[in-house]
Structures are given as C-alpha cells and as structure tokens.
Amino acid sequence: MSFIYEKGFGFKREMREKGVGLIFIISAPSGTGKTTLLREVIQQLPGLQFSVSFTTRLPRPNEKEVEDYHFVSHSVFQKMVEKNKFLEWAEVLGNRYGTPRPDLKKLKSEGIDFILDIDTQGAKKVKNIIGQPVLIYLLPPSLKVLKERLINRGVDSLEMVKFRLASARRDMQEAEGYRYVIVNDSVEEAVEKLRSIIIAERCRSNTHLVLEENRRGWEEKDG
Ligand code: ADP
Ligand code: 5GP
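First, a word on what this report is: a plain description of the structure on this page. Note that the structure is predicted; figures quoted are calculated from it, not measured.

1. Overview of the sheet that holds strand β3 (residues 23-27)
If you trace the 5 strands from one edge of the open sheet to the other, you get β4-β9-β3-β10-β11, paired in parallel fashion. The sheet is open, and its two edges are formed by β4 (48-50) and β11 (180-183), each paired on a single side. Sheet twist, expressed as the mean angle between neighbouring strand axes with direction ignored, is 25 degrees. Relative to strand β9 (residues 113-117), β4 runs parallel, the two being bridged by 3 bridges. For Leu48, the partnering residue across the bridge sits in β9 and is Asp113. Of the strands in this sheet, β3, β4, β9, β10 (134-139) and β11 touch helix α7 (residues 187-202), which is tilted by about 160 degrees from β11.

Here it is, written out as structure tokens:
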C-alpha cells in the first residue's frame, strides 16, 4: 500500500499498483530500445498507459496500427494540426509525429499514469505546458552498440543508419536536462530501473503538488 495525500482529507490509502495521474516522458535516439522496454514495463505495472502518437512515417513490418502508432497521411496530420488536436507535435528525421491530448478524466480520477515516447523537442513542449512531467532519458551503451541495434532491427538502409547515428550524437547531449538517465545495456536491468523510477515517483511526498501544477497547466494553457 502507498499513501496519496488528498487536500483536506489527510492521507488516503491507495493500492500501490495504481497510477496517480503522472506524466512520464521517455526519450532516446531511435534504436536505443524504448519500445522494447516500454512493452515490458507496461505489462508489469498496472495503471500505466502508453500514449499512442500519430505519425506520417510508414509502419515497420512488426508494427501494428493503434498499438504502436496511428499511421496517417500527411494531409490527415496537417488537418489535425490545424484543428489543434495535438498536445505537441514535431518533425523528426523527415517525418511528423504528434501526441494526442491525454484523456483528462483518466488522469484525474481513474488513477492512470501516462507514458509518452517522444523526442527531446516534444519533451520541452510538454514541459512548457504541464510543468512537471517526469523526464527519463534512455542511452545506448555506446554509439557502436546503437549502430549494431539499428542494423539488426533491419528496417533502415545503411544511409539511414548513418543519418540516425549523426542525429543520436546531437540528441544525447540533451540527456543532462532530464531527471533520470538509464543506460540500456541489459534489457532486464534497464526494465528494473524504469519500473523502479515509476514506482518511486508514485510514492513521492510532493505528488499532490505536482498533480495540481500539471492540472493547472492543462487547464490554463491547454483549454
Ligand atoms: P526504439 O524504440 O528506441 O527505436 P527498439 O525497442 O525498436 O528501439 O530496439 C531497437 C533494436 O534493439 C530492436 O531490434 C531490439 O530488439 C534491440 N534491443 C533493444 N534493447 C536491447 C538490449 N538491451 N540489448 C540488445 N538489443 C536490444
Ligand atoms: P521512430 O520512428 O523510431 O518510432 O521514432 C522516431 C523519434 O520520434 C523517436 O525519438 C520518438 O521518441 C519520436 N516520437 C514518437 N512519437 C512522437 C511524438 O508524438 N512527438 C514527438 N515530438 N516525438 C515523437
């Protein structure tokens, strides 16, 4: 059991397995292993929901519509931008990616935490809107290992692998601005670290203040 502070009501006992309404953001260079780790952690930790982004990128052979992304055309994406459907969106490596607005009802009353797999530009935008997302950066053990993972994944040309590596070099400098950094060497250890971070964040004594600030952010800046 853990305790969730409720203003005016003292401490209320809550099942630790539930989320508390936090927003987690995980960023990493493409190919580091975000998808692999998130699949595992979401299975292991109840109350954690993956925020499925929209993208103009084509699906990879093992990717499923809705499970991995909502795959849409450029014109559909553009219409969604014009209709203000995204919490944030960005262009990454020549494609556009957008985070749909989370279901506020779920965040506020159903004990759900959201986890967003978005790049560093997106993380900054979300931080400006909601104040205190929990930022987690995932690093590959080295650029050499990242190159091997990209090649083994088998979806990119050698040209694209080189492009991704050059972008990874720049991107990894942003890790310093994140609250947590995990090196994805062994999957088991990285999953354990990610799980531990989420559980620890759910138990922080100031969670109620974080939630209030985040909600004010949604309501004031986001409508
Ligand atoms: P991302 O979602 O960050 O682009 P993926 O989860 O698709 O990355 O992982 C890229 C490739 O690396 C996949 O083939 C995956 O199986 C592999 N991989 C992920 N984590 C590890 C790890 N810790 N050790 C070895 N291979 C890994
Ligand atoms: P991939 O094409 O490898 O799935 O993702 C490429 C990059 O886009 C990754 O860094 C991933 O985190 C990022 N990304 C995925 N969805 C979103 C999104 O909705 N917004 C932003 N800003 N980046 C995203």
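After that view, the rundown keeps rolling.
2. Digging into the sheet that holds strand β6 (residues 70-71)
In spatial order, the strands read β6-β5-β8-β7; together these 4 strands make up an open sheet with mixed pairing. Across the chains shown, the open sheet's two edge strands, defined by having one partner strand only, are β6 and β7 (86-92). Two strands pair when backbone bridges link them, and strand β5 (residues 54-55) and strand β8 (residues 95-100) are joined in this way by 2 bridges, in the antiparallel orientation. Among the inter-strand pairings, Phe54 is bridged to a residue of β8, identified as Gly98. Sheet strands touched by helix α2 (residues 74-82): β5, β7 and β8. Its angle to β8, the strand with the most contacts, is close to 45 degrees.

3. Points about the site of ligand 2
Looking at ligand 2, there are 17 residues lining it, with Ser53, Arg57, Tyr69, Tyr97 and Asp117 nearest. Between Arg57 and ligand 2, the recorded distance is 2.6 Å, taken from a side-chain N or O atom to an oxygen atom. Contact distances for ligand 2 include 2.7 Å between a nitrogen atom and a side-chain N or O atom of Glu88. Contact with the protein chains removes 95% of the 510 Å² of surface that ligand 2 exposes when unbound. Assessed atom by atom at 2 Å from the grid points, ligand 2 resides in the largest pocket. At the level of secondary structure, the elements contributing two or more residues to the shell around ligand 2 comprise β7 and β8. Each residue belonging to the shell around ligand 2 can be placed in one class, and the counts come to 6 nonpolar, 5 polar and 6 charged.

4. Re unusual backbone geometry
Even without being a glycine, Val66 presents a positive backbone phi close to 75 degrees. By the secondary structure assignment, Val66 is in the loop between β5 and β6. Of note, the phi angle at Asn84 is positive, near 60 degrees, even though the residue is not glycine.

What counts and how
- Residues numbered from 1 in each chain as written.
- Chains lettered and ligands numbered in written order.
- Predicted model: local features only at pLDDT ≥ 70, side-chain atom pairs only at ≥ 80, totals over all residues.
- Heavy atoms only, no water.
- Pairing = 2+ DSSP bridges.
- Helix = DSSP H or I, 4+ residues; strand = E, 2+ residues; numbered from the N terminus.
- Axes fitted to C-alpha atoms, helices over the stretch in contact; angles between N-to-C directions.
- Contact = heavy atoms within 4.5 Å.
- Near = heavy atom within 4 Å.
- Polar contact = N/O pair within 3.5 Å; in protein donor to acceptor, adjacent residues only side chain to side chain.
- Areas by Shrake-Rupley, 256 points an atom, 1.4 Å probe, with all protein chains shown as cover.
- 1 Å grid on protein atoms, 1.4 Å probe; cavity = no way out; pocket = protein on both sides within 12 Å on 5 of 7 lines; lining within 4 Å.
- Sits in = over half its atoms within 2 Å of the grid points.
- Nonpolar A, V, L, I, M, F, W, Y, C, P; charged D, E, K, R; others polar.

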